[in-house]
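Single-letter residue listing:
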Amino acid sequence: MSITLHINGTSRSLDIEPETPLLWVLRDELGLTGTKFGCGVASCGACTVAVDGVATRSCVMPIMALEGKQIHTIEAEPDRIVAALQAAWIQHQVPQCGYCQSGMIMAAASLLRSNPQPSDAEIDAHISNICRCGTYQRIRAGIHSAAAQLKGSAA
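The sections below set out a description of the structure shown in this document. This is a predicted model, so every value here is computed, not measured. (Residues numbered from 1 in each chain as written. Predicted model: local features only at pLDDT ≥ 70, side-chain atom pairs only at ≥ 80, totals over all residues. Heavy atoms only, no water.)

## Remarks on the pairing of strand 1 (residues 2–7)
No. 1: Burial along strand 1 is one-sided: the face carrying Ile3, Leu5 and Ile7 is buried and the face carrying Ser2, Thr4 and His6 is not.
No. 2: By the bridge criterion, 6 bridges tie strand 1 to strand 2 (residues 10–15) in an arrangement that is antiparallel. Directly across from Thr4, in strand 2, lies its bridge partner Ser13.
No. 3: Hairpin connection from strand 1 to strand 2: 2 residues lie between these consecutive antiparallel strands, with Asn8 at a positive phi of about 55 degrees. (Buried < 20%, exposed > 50% of the residue type's maximum accessible area, 1.4 Å probe, protein only. Helix = DSSP H or I, 4+ residues; strand = E, 2+ residues; numbered from the N terminus. Pairing = 2+ DSSP bridges.)

## Focus: the pattern of salt bridges
No. 1: Overall, the coordinates contain 2 salt bridges when judged by the stated rule.
No. 2: Of the charged contacts, one joins Arg140 and Asp124 as a salt bridge, the two residues approaching to 2.6 Å between their closest N and O atoms. With Arg140 in helix 5 (residues 136–154) and Asp124 in helix 4 (residues 120–126), this residue pair connects regions lying 16 residues apart in the sequence.
No. 3: Residue classification places Arg140 among the buried positions, given a relative accessible area of 15%.
No. 4: Of the residues examined, Asp124 reaches a relative accessible area of 43% and is grouped as partly exposed. (Salt bridge = Lys/Arg side-chain N within 4 Å of Asp/Glu carboxyl O.)

## Thoughts on the side chain of Thr73
No. 1: Position of Thr73 relative to the elements: it lies in the loop between strand 5 (70–72) and helix 2 (80–91).
No. 2: Engagement of the side chain of Thr73 in a polar contact is seen with the side chain of Glu75, the distance being 2.5 Å.
No. 3: When neighbours within four sequence positions are excluded, Thr73 is seen to be in contact with Ile7, Asn8, Leu26, Leu32, Thr35, Val49 and Met106. (Polar contact = N/O pair within 3.5 Å; in protein donor to acceptor, adjacent residues only side chain to side chain. Contact = heavy atoms within 4.5 Å.)

## Quick look at the layout of surface pockets
No. 1: The volume enclosed by the largest pocket comes to roughly 210 Å³.
No. 2: A class-by-class count of the residues in the lining of the largest pocket yields 10 nonpolar, 1 polar and 1 charged. (1 Å grid on protein atoms, 1.4 Å probe; cavity = no way out; pocket = protein on both sides within 12 Å on 5 of 7 lines; lining within 4 Å. Points joined across faces, edges and corners; volume = space filled by probe spheres on them. Nonpolar A, V, L, I, M, F, W, Y, C, P; charged D, E, K, R; others polar.)

## Concerning the environment of Cys59
No. 1: You can see Cys59 is positioned in the loop between strand 4 (54–57) and strand 5.
No. 2: Along the sequence, Cys59 and Cys47 sit 12 residues apart, while their C-alpha atoms lie 6.2 Å from each other.
No. 3: Setting aside residues up to four positions removed in sequence, Cys59 forms contacts with Pro21, Leu23, Gly40, Val41, Ala42 and Cys47.

## Details of the environment of Glu67
No. 1: Along the chain, Glu67 falls in the loop between strand 4 and strand 5.
No. 2: Among the polar contacts made by the side chain of Glu67, one reaches the main-chain amide nitrogen of Thr4 at a distance of 3.4 Å.

## Some thoughts on helix 2
No. 1: Over its 12 residues, helix 2 extends 16 Å from the first C-alpha to the last, a length consistent with the 16 Å expected when each residue adds 1.5 Å.
No. 2: The complete set of buried residues in helix 2 reads Ile81, Val82, Ala84, Leu85, Ala88 and Trp89. The buried residues of helix 2 occupy an angular sector of 160 degrees when projected down its axis, which confines them to one face. Structural note: helix 2 exposes Arg80, Ile90 and Gln91 on the side pointing more than 90 degrees away from its buried face. (Expected span 1.5 Å × (residues − 1). Arc of directions from axis to C-beta.)

## Description of the sheet that holds strand 4
No. 1: A sheet is described by the order of its strands in space; here 5 strands give the open sequence 2-1-5-3-4, paired in mixed fashion. Here the strands that pair on one side only, and so sit at the sheet edges, are strand 2 and strand 4. In this sheet, neighbouring strand axes are inclined to one another by 40 degrees on average, regardless of whether the strands run parallel or antiparallel.
No. 2: Pairing geometry for strand 3 (residues 48–51) and strand 4, over 4 bridges, is antiparallel. Within the sheet, the bridge partner assigned to Ala50 lies in strand 4 and is Ala55.
No. 3: The strands touched by helix 1 (residues 22–29) within the sheet are strand 1, strand 2, strand 3 and strand 5, with strand 1 carrying the most contacts at an inclination of about 85 degrees.
No. 4: This element, helix 3 (residues 101–114), spans strand 3, strand 4 and strand 5 of the sheet and lies at about 35 degrees to strand 3. (Axes fitted to C-alpha atoms, helices over the stretch in contact; angles between N-to-C directions.)

In structure tokens:
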């Protein structure tokens with residue numbers, strides 16, 4: 001089947017089975033390897049990307065559901081929210097092994113788009129991604145720092 005996907009601001013036409021998960025299209029067909037495979041059942045969040053601005057687990061998302069939607073991966077030119085998160089990640093030394101971080105940043109960006117000043121409880125409720133290194137306190141601190149930076153830049 002031929003399908004056109006809009007990924008990171010570029011239209012890509014692919015001839016691929018419609019049930020193929022987005023993760024494998026990104027990694028195997030397009031060479032966008034920033035999105036990671038973790039579990040294959042949408043539990044860990046390593047494969048999180050943004051679809052129309054919403055955090056989406058790409059390992060279980062069939063491409064047939066994505067025609068006409070805007071898909072952004074960690075390789076996209078960062079918008080102001082992703083850029084603020086990336087800076088906060090560095091400031092708070094969030095990553096250790098780094099494997100989950102692209103999905104974690106994409107999930108955090110989705111949260112900040114819908115809730116620009118989340119509480120710890122709201123972060124915990126929204127970010128269900130797994131970090132095997134256990135940097136959850138640093139992740140929360142990074143999200144709060146990014147939110148403060150974005151609030152300050154909007155004034």
